[in-house]
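# Secondary and tertiary structure notes
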Amino acid sequence: MIRVLIADDQGMVRTGFTVFLSGQPDIEVVGEAADGREAVERAAELKPDVVLMDVRMPVMNGLEATRQLMARDIGAKVLILTTFDLDDYVYEALRAGASGFLLKDASAAQLVEAVRVVAAGEALLAPAITKRLITEFARLGSPRPVPGRRLDELTERETEVLLLVAQALSNQEIAEKLFVAEQTVKTHVGRVLMKLGLRDRAQAIVYAYESGLVRPGE
């Protein structure tokens with residue numbers, strides 16, 4: 001079962017998401033939170049696999065709550081809920097440790113699929129979100145230094161896989177491009193994350209740009 005915590009200051013949104021998700025045989029909604037501070041406290045208590053996190057909440061916003069969750073190393077993946085796909089929050093949310101984004105007007109089917117994708121360790125980045133992220137990296141200019149992480153520790157194939165992950169491709173899509181089995185790609189991705197000390201694919205995408213491995217427009 002995928003254990004989910006829903007953090008949103010709107011009660012109707014929490015109720016709607018709970019109804020959608022609770023109807024799935026593999027998903028259990030274990031709790032709700034009405035602000036960021038409560039989300040952190042509830043996550044520490046309930047140990048969910050996925051936290052659906054609204055950005056704009058009272059007391060503590062979703063970005064700070066995400067940072068605190070990652071700092072506590074609870075093990076939960078954070079799926080950011082947003083009203084706008086071009087929010088200024090995209091870049092900072094990914095840097096804070098979010099694994100993906102979901103628009104609040106997404107369908108019930110999209111919501112369920114998003115939870116499953118993030119729980120499986122995949123990055124959930126819609127094309128519009130990816131475009132916004134690349135624009136932000138282009139605005140920032142030169143690569144940022146990334147302490148303690150060395151690209152030269154990766155093999156040639158692992159570097160190739162990281163480049164494709166940075167394009168927000170799935171394991172299946174990468175396997176098709178490289179003419180290898182999907183399980184082989186999973187193994188490579190796991191090694192990349194381990195060697196570079198990265199939490200998940202979303203963090204790998206940020207790393208690929210910040211290290212200069214990928215540059216906007218390439």
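A few points on the structure. Residue numbers restart at each chain and count upward from 1, following the sequence in its written direction. Per-residue local features of the predicted model are confined to residues with pLDDT of at least 70, and side-chain atom pairs are confined, for both listing and counting, to 80 or more; whole-chain, interface and lining totals are unaffected and use all residues. Side-chain numbers here rest on the full set of heavy atoms in the structure, without hydrogens or water.

Bringing the environment of Ser 99 into the picture now. Put simply, DSSP H or I for four residues or longer makes a helix, DSSP E for two residues or longer makes a strand, and each gets a number counted from the N terminus. Along the chain, the position of Ser 99 falls in the loop between helix H4 (89–96) and strand E5 (100–103). The buried label goes to any residue with under 20% of its type's maximum accessible area, the exposed label to any with over 50%, and the partly exposed label to all in between, with areas taken from a 1.4 Å probe on protein chains only. Taking the relative accessible area as the measure of exposure, Ser 99 reaches 1% and is therefore buried. For the pair Ser 99 and Gly 121, spaced 22 residues apart in sequence, the C-alpha separation works out to 7.9 Å.

What follows covers the sheet that holds strand E1 (residues 2–7). Two strands pair if DSSP finds at least two bridges between them. Read from one edge of the open sheet, five strands run E2-E1-E3-E4-E5, paired in parallel fashion. In this open sheet, the two edge strands, each paired with only one partner strand, are strand E2 (27–33) and E5. Each strand of the sheet is rotated relative to its neighbour by a mean of 25°, with strand direction disregarded. Where E1 and strand E3 (residues 50–54) come together, four bridges link them in parallel fashion. Note on method: axes are straight lines fitted to C-alpha atoms, helices fitted across the in-contact stretch only, with angles between N-to-C directions ranging 0 to 180 degrees.

Okay, the pattern of salt bridges next. Criterion for a salt bridge: a side-chain nitrogen of Lys or Arg within 4 Å of a carboxyl oxygen of Asp or Glu. Inspection of the entire model under this criterion finds six salt bridges. With a closest N to O distance of 3.1 Å, Arg 14 and Glu 32 form a salt bridge. Note that Arg 14 is positioned in helix H1 (residues 11–22) and Glu 32 in strand E2, a separation of 18 residues in sequence. On the accessibility criterion, Arg 14 (15% relative accessible area) is buried.

We now examine the pairing of E2. Each regular strand shows side chains that alternate between the opposite faces of the sheet. Counted residue by residue, E2 has five buried out of seven residues, so it is predominantly covered. Bridge count between E1 and E2: six bridges; the pairing is parallel. Bridged to Ile 6 within E2 is Glu 32. Running through H1, the crossover from E1 to the neighbouring parallel element E2 is right-handed. Throughout, right-handed denotes a crossover for which the path from the first strand over the helix to the second runs clockwise when the strands point away from the viewer.

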